[in-house]
Amino acid sequence: MELIKRIKDRAPEYDAKYTSLIYNFTIQQGGKAGTSSEETRWVQGKYFSTVYEFYMYAALIGLKKDYSIPISYGTAKNKFIEMRAWKPNDLVDYIIMCLLGKADIDFLELEKLEDEVVEKKLSSIRSLLEDYANGGFDLIQTRIDQDNDYFTRNENSFLDFLEE
């Protein structure tokens, strides 16, 4: 379980080009928190109440469709809070298990490695999460480009998209 804890201590990032996409479907956090009206918060949080929830959804889309896009070096990125703060825990654990299944890591060999090498392997899992979330964001954006109100037309659209 130490391995899972160490993975959860990491704070993934996302390509900044998806910031407006994210805020179209979630409540904007940070400096504006607490300044918007109840009605505005309800409208913004109609789909996802936090940015990391939408990020987890994008990662699940990318994992399910086995579609990942590495974020290029030098790309402007935004950072999240550490995964240990994400909720619900069962969903976070599920995503981590999916990533471990996709990762090229020999877990029996991992115990024999120096801590510095283990840290690099754990960082590669965070990068894998970022790649799949980036792929998920790309698929969501592509769907919006094809059908502008796909995700706002009915309240089950995000579930429908996950099932496609």
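Residues numbered from 1 in each chain as written. Predicted model: local features only at pLDDT ≥ 70, side-chain atom pairs only at ≥ 80, totals over all residues. Heavy atoms only, no water.

S.K.: If you had to explain the side chain of Arg-6 to someone new, which residues and values would you point to?
M.R.: Along the chain, Arg-6 falls in helix H1 (residues 2-8). Residue Arg-6 is classed as buried on the basis of its relative accessible area, which comes to 19%. Polar side-chain contacts of Arg-6 include one of 3.0 Å to the side chain of Asp-115. Excluding its chain neighbours within four sequence positions, the residues that come into contact with Arg-6 are Asp-115, Val-118, Glu-119 and Leu-122. (Helix = DSSP H or I, 4+ residues; strand = E, 2+ residues; numbered from the N terminus. Buried < 20%, exposed > 50% of the residue type's maximum accessible area, 1.4 Å probe, protein only. Polar contact = N/O pair within 3.5 Å; in protein donor to acceptor, adjacent residues only side chain to side chain. Contact = heavy atoms within 4.5 Å.)

S.K.: Describe in detail unusual backbone geometry, supporting the description with residues and values.
M.R.: In this structure, the amide linkage connecting Lys-87 to the following residue, Pro-88, adopts the cis form with an omega of -5 degrees. Tracing the backbone through its elements, the reader meets Pro-88 in the loop between strand E2 (77-79) and helix H5 (89-102). Although it is not a glycine, Asp-66 adopts a positive phi angle of roughly 50 degrees. With respect to the helices and strands, Asp-66 occurs in the loop between helix H4 (51-64) and E2.

S.K.: So what about the nonpolar core? Which residues, and what values?
M.R.: With 45 residues, the main nonpolar core has Phe-54, Tyr-57, Trp-86, Phe-137, Ile-140 and Phe-151 as its most contacted residues. Only H1, helix H2 (19-24), H4, H5, helix H7 (115-146), helix H8 (150-153) and helix H9 (157-163) provide two or more residues apiece to this core. Here this core takes 11 residues from H4, the largest share from any one element. Apart from the residues within four sequence positions on either side, Phe-137 is in contact with Tyr-14, Tyr-18, Leu-21, Ile-22, Phe-54, Tyr-55 and Ala-58. (Core = buried A, V, L, I, M, F, W, Y, C linked by side-chain atoms within 4.5 Å.)

S.K.: Hey, could you go over the packing of aromatic side chains for me, with residue numbers and the actual values?
M.R.: For the structure on display, the rule yields 25 aromatic pairs. Ring plane angle 90 degrees and centroid distance 6.1 Å describe the contact between Phe-54 and Phe-158, whose orientation is recorded as edge-to-face. Of this pair, Phe-54 sits in helix H4 while Phe-158 sits in helix H9, placing them 104 residues apart in sequence. One exposure class covers both Phe-54 and Phe-158, and it is buried. A centroid spacing of 5.3 Å and a plane angle of 85 degrees characterise the contact between Tyr-57 and Phe-158, whose relative ring orientation is edge-to-face. Here Tyr-57 is found in helix H4, whereas its partner Phe-158 is found in helix H9, with 101 residues between them in sequence. Exposure class is identical for Tyr-57 and Phe-158. Each is buried. Directly above the ring of Phe-161 sits Lys-65, whose terminal nitrogen or CZ lies 5.5 Å from the centroid. Over the ring of Tyr-150 we find Arg-143; its NZ or CZ atom is 4.6 Å from the centre of that ring. (Phe/Tyr/Trp six-rings, centres within 6.5 Å; stacked < 30°, edge-to-face > 60°. Lys NZ or Arg CZ within 6 Å of the ring centre and 35° of its normal.)

S.K.: Talk me through the side chain of Arg-10; I want residue IDs and the actual numbers.
M.R.: Tracing the backbone shows Arg-10 in the loop between H1 and strand E1 (13-15). The exposure class of Arg-10 is buried, given its relative accessible area of 12%. Setting aside chain neighbours within four positions, we find Arg-10 in contact with Glu-82, Met-83, Glu-119, Leu-122, Ser-123 and Arg-126.

S.K.: Tell me about the packing of H4 against H5, residues and numbers included.
M.R.: Put simply, H4 and H5 touch, their axes get as near as 11 Å, and they point 35 degrees apart. The two elements H4 and H5 meet at a crossing, and its hand is left-handed. Together, Met-56, Leu-60 and Leu-63 of H4 and Leu-91, Val-92, Tyr-94, Ile-95, Cys-98, Leu-99 and Lys-102 of H5 make up the contact between the two elements. Tallied by class, residues from the contact of H4 with H5 come to nine nonpolar, no polar and one charged. (Axes fitted to C-alpha atoms, helices over the stretch in contact; angles between N-to-C directions. Left-handed = near helix turned anticlockwise from the far one by under 90°. Nonpolar A, V, L, I, M, F, W, Y, C, P; charged D, E, K, R; others polar.)

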